Amino acid sequence: MKIAFYNTKPYDKIWFEPLSKEHNCEINFIELPCSEQTSSLAKGHDLVCAFVNDQVTSVMIDEFHSLGIKAILLRSAGFNNVDLKAAEGKMPILRVPSYSPESVAEFAATLLLTVNRHTHRAYARTRDFNMNINGFTGRNLFQKTAGIVGTGKIGQAMVNICKGFGMNIIAFDPYPNHDLDVKYVTFEELVTEADVISLHCPLTPETTHMINRDTIALMKKDAYLINTSRGALIDTESLIEALLSGKFSGVGLDVYEEEEGVFFEDKSNDIIEDEQLVRLTSFHNVLITSHMGFFTHEAMREIATTTLENAAAVLKGEPLVNEVKI
Ligand code: NAI
């Protein structure tokens, strides 16, 4: 079985190469992104493996179909980057539904602690022997209110972490899990009452720009906003406007509306054209990371194993337990 593995990063090879032998498959590591310009490279392969930021359009799906591709493997949990309707009846889309919810939740907590206690800035100062602590005042999390948006796997792991800090937890989810020891409130109540708002829901038409001018207006002036889910949950323009007005004690973003072509890449020698991204990085109370919440040894091992198990299931005609259904 041959897999066209698009948008390969050095760390993909480290985790997928050894496992490919065990799973009896040949992986063709392609560094180019999966796009309408590169979809013809899938010729001669059985399966395509796409990256979380590859936009898999109906044009590409038609081309893969004509090339005899049997399935598209997503090495991610999210699947908002694939035209699922176009794939219906042509090829299954398989994902890795859960690889390590703790990896993302722990990263959300990392962003919160860093942006709250300014450790990233303290590191830069002390390396330069500037031992001045002015400007680094943080806030205790103990007895503050954490508002968790989306109480699925990652949201639940975040609830547990916040409880560890002695925080009160409120949550919003249209499908509440009443086994969880949290107080469910409306989304408006959550953004109004929470000291920390952490987003853990998928990107859908309903959740797109759920953080916007109106919902930001409801938030406390000194709130913390953490997004490790998908960039477009936040309307960047409204966020910048709020930050300029002095809103937010801290904002931690592992994801961004316009990641394509910038996130995961080394652009340190290039001119950055995205003015909103440049503006965001200039705020002292904003910390941006490059979509790395998932990036732990445990998660990478699980991603590689499940992706190759998904591949094997397609080729052996076994039930596709990780197929994305519309
Ligand atoms: P999950 O499917 O277990 O949970 C998602 C929860 O969101 C569900 O409980 C669902 O009912 C809820 N939800 C749906 N619509 C909602 C709405 N309108 N408002 C509030 N909640 C809503 O998903 P999981 O595994 O917890 O992942 C959550 C998200 O995290 C993914 O969709 C993905 O976008 C993101 N993610 C980010 C990663 C990173 O590296 N930064 C890695 C993996 C996932």
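Residues numbered from 1 in each chain as written. Predicted model: local features only at pLDDT ≥ 70, side-chain atom pairs only at ≥ 80, totals over all residues. Heavy atoms only, no water.

Engineer: Quick one: what's the story with the sheet that holds strand 8 (residues 183-184), residue by residue and with numbers?
Structural biologist: Spatially, 7 strands are ordered 8-7-6-9-10-11-12 in an open sheet, and the strand pairing comes out parallel. Single-partner strands in this sheet number two, and they are strand 8 and strand 12 (286-288). With respect to the sheet, helix 6 (residues 153-164) is in contact with strand 6 (145-149), strand 7 (168-172) and strand 9 (196-199), its orientation differing from that of strand 6 by roughly 175°. (Pairing = 2+ DSSP bridges. Helix = DSSP H or I, 4+ residues; strand = E, 2+ residues; numbered from the N terminus. Contact = heavy atoms within 4.5 Å. Axes fitted to C-alpha atoms, helices over the stretch in contact; angles between N-to-C directions.)

Engineer: Describe the site of the ligand, with residues and values.
Structural biologist: Around the ligand sit 24 residues in total, of which Y99, K153, I154, D173 and T228 are the nearest. One of the backbone N or O atoms of G152 is found 3.3 Å from an oxygen atom in the ligand. Contact between the ligand and D254: a nitrogen atom at 3.0 Å from a side-chain N or O atom of the residue. A total of 870 Å² of accessible area belongs to the ligand in isolation, and the protein chains cover 84% of it. Its residues assigned to classes, the shell around the ligand shows 11 nonpolar, 9 polar and 4 charged. (Near = heavy atom within 4 Å. Polar contact = N/O pair within 3.5 Å; in protein donor to acceptor, adjacent residues only side chain to side chain. Areas by Shrake-Rupley, 256 points an atom, 1.4 Å probe, with all protein chains shown as cover. Nonpolar A, V, L, I, M, F, W, Y, C, P; charged D, E, K, R; others polar.)

Engineer: Before we move on, can you summarise the environment of I27 with the specific residues and values?
Structural biologist: Note on placement: I27 falls in strand 2 (residues 26-29). With 22 residues separating them along the chain, I27 and C49 place their C-alpha atoms 9.4 Å apart.

Engineer: Describe the layout of surface pockets, listing the residues and the values that go with them.
Structural biologist: Of the volumes computed, that of the largest pocket is approximately 1300 Å³. G78, H200, C201, P202 and L203 are, among the 50 residues lining the largest pocket, the residues nearest its centre. Of all the secondary-structure elements, those providing two or more residues to the lining of the largest pocket are helix 1 (10-22), helix 4 (101-117), helix 6 and helix 11 (297-316). In terms of residue class, the lining of the largest pocket is made up of 26 nonpolar, 16 polar and 8 charged. Space inside the second largest pocket adds up to approximately 380 Å³. In terms of residue class, the lining of the second largest pocket is made up of 7 nonpolar, 9 polar and 7 charged. (1 Å grid on protein atoms, 1.4 Å probe; cavity = no way out; pocket = protein on both sides within 12 Å on 5 of 7 lines; lining within 4 Å. Points joined across faces, edges and corners; volume = space filled by probe spheres on them.)

Engineer: Explain the sheet that holds strand 5 (residues 93-94) to me, and be specific about the residues and the numbers.
Structural biologist: If you trace the 5 strands from one edge of the open sheet to the other, you get 2-1-3-4-5, paired in parallel fashion. Every interior strand has two partners, whereas the edge strands, strand 2 and strand 5, have only one. Where strand 4 (residues 71-74) meets strand 5, 2 bridges bridge the pair, whose relative direction is parallel. Residue L73 lies in a different strand from strand 5, and its bridge partner there is L94. Helix 1 rests against strand 1 (2-5) and strand 2 of the sheet, and its axis sits at about 160° to strand 2. Helix-sheet contacts for helix 11 involve strand 1, strand 2, strand 3 (47-50), strand 4 and strand 5, and the interaxial angle to strand 4 is about 165°.

Engineer: Describe in detail the packing of helix 1 against helix 11, supporting the description with residues and values.
Structural biologist: Packing of helix 1 against helix 11 brings their axes to within 9 Å, and their N-to-C directions diverge by 50°. Considering their axes alone, helix 1 and helix 11 lie oblique with respect to each other. Helix 11 is crossed by helix 1, and the crossing has right-handed handedness. Counting all contacts with helix 1, which are made through Y11, D12, W15, F16, L19 and S20, the residues of helix 11 involved are H297, M300, R301, I303, A304, T305, T307 and L308. Broken down by class, the residue content of the contact of helix 1 with helix 11 amounts to 8 nonpolar, 4 polar and 2 charged. (Parallel < 35°, antiparallel > 145°, perpendicular 65-115°, else oblique. Left-handed = near helix turned anticlockwise from the far one by under 90°.)

Engineer: Before we move on, could you go through the nonpolar core and cite the residues and values that matter?
Structural biologist: With 58 residues, the main nonpolar core has I3, I197, I211, L239 and F248 as its most contacted residues. For this core, the leading source of residues is helix 11, giving 7 residues. Those residues in contact with F248 that sit more than four places away from it in its chain are I216, M219, K221, D222, A223, L225, L239, A242, L243 and N285. A157, A171, V196 and Y224 belong to the second-largest nonpolar core, a separate cluster that totals 22 residues. (Core = buried A, V, L, I, M, F, W, Y, C linked by side-chain atoms within 4.5 Å. Buried < 20%, exposed > 50% of the residue type's maximum accessible area, 1.4 Å probe, protein only.)

Engineer: Give me the pairing of strand 10 (residues 224-227): which residues, what numbers.
Structural biologist: The side-chain alternation of strand 10 yields two buried faces, one formed by Y224 and I226 and the other by L225 and N227. Where strand 9 and strand 10 come together, 4 bridges link them in parallel fashion. Bridging across to strand 10, S198 finds its partner in I226. After leaving strand 9, the chain enters helix 8 (residues 213-218) and then returns to the sheet as strand 10, a path that is right-handed. Summarising the sheet, strand 10 and strand 11 (residues 250-253) pair through 4 bridges and their orientation is parallel. When the sheet's bridge partners are listed, N227 is paired in strand 11 with L253. (Right-handed = clockwise from strand over helix to strand, strands pointing away.)

Engineer: Describe in detail the packing of aromatic side chains, supporting the description with residues and values.
Structural biologist: Going through the model one piece at a time under the given rule, you end up with 7 aromatic pairs. Every member of this aromatic cluster is reached through a ring pair, and the members are F5, F16 and F29. Over the ring of F51 we find K9, and its NZ or CZ is 5.1 Å from the ring centre. (Phe/Tyr/Trp six-rings, centres within 6.5 Å; stacked < 30°, edge-to-face > 60°. Lys NZ or Arg CZ within 6 Å of the ring centre and 35° of its normal.)

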